[in-house]
Amino acid sequence: MYVVKSPLSDADLKTVSEALQGALADLVDLGLVAKQIHWNVVGPRFRSVHLQLDELVDTARTYSDTVAERASALGVSPDGRAATVAVGSGIDVTPEGWVDDTTAVQTIVDALGVMIARMRERITATGDPDPVSQDIFIQVTAELEKQHWMFQAGNG
């Protein structure tokens, strides 16, 4: 059932909605992973990593909302439920318990690397069917690449 009628053809809508839903799952999971590590990071760089993780959580939450609202605007119901995110995210499982600062940063670097690759695929997939959604993926990717660089620099 579509409450909102999309301007896209059914085929284009399918491609774009899959890309948006995948991005939503990745972004929601990134926010959860970053917050989990934020609560459990320990080590000499605790404070700086702790604060940097909060910035990443804010980024993930902001863009997850942007992506979900784009899906809604196209008549697609976004699904950010835990079970959907768990199945749809490309991010590996987060370490359990306390995480030393170096491992914390590397975990985030790895998660961002996976997400950037997946976002770049979405940029390609949505170029023809929906340049508006593609533009969102470009913006998200640019921010994730910036965060990726900053976290990598933290581990030298």
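Residues numbered from 1 in each chain as written. Predicted model: local features only at pLDDT ≥ 70, side-chain atom pairs only at ≥ 80, totals over all residues. Heavy atoms only, no water.

Trainee: For the overall build of the protein chain, give the residues involved together with the corresponding values.
Mentor: Tallying secondary structure elements over the protein chain gives five helices and two strands in all. N-terminal to C-terminal, the α/β element order of the protein chain is α-β-α-α-β-α-α. Against the 2.2 N^0.38 benchmark of 15 Å for 156 residues, the protein chain shows a C-alpha radius of gyration of 16 Å, consistent with a compact globule. The C-alpha extent of the protein chain, read off along each of the three principal axes, is 55 × 25 × 20 Å. Counting the 156 residues in the protein chain, one finds 47% classified as buried. Across the protein chain, every contact between residues at least 6 apart in sequence was considered, and the portion connecting residues at least 24 apart equals 83%. Within the protein chain, one finds 12 positive and 22 negative side-chain charges whose respective centroids are separated by 2 Å. (Helix = DSSP H or I, 4+ residues; strand = E, 2+ residues; numbered from the N terminus. Rg over C-alpha atoms; globule rule 2.2 N^0.38 Å. Buried < 20%, exposed > 50% of the residue type's maximum accessible area, 1.4 Å probe, protein only. Contact = heavy atoms within 4.5 Å. Lys, Arg positive; Asp, Glu negative; His and termini not counted. Charge placed at Lys NZ, Arg CZ, Asp CG, Glu CD.)

Trainee: Tell me about the UniProt feature "domain: Ferritin/DPS" (unreviewed entry) in the protein chain, and please be specific about residues and values.
Mentor: In this numbering, the UniProt entry assigns the feature "domain: Ferritin/DPS" (unreviewed entry) to residues 18-153. In residues 18-153, helix accounts for 79% and strand for 3%; the two terminal C-alpha atoms are 33 Å from one another. (UniProt positions renumbered as here; feature names shortened; annotations may be inferred.)

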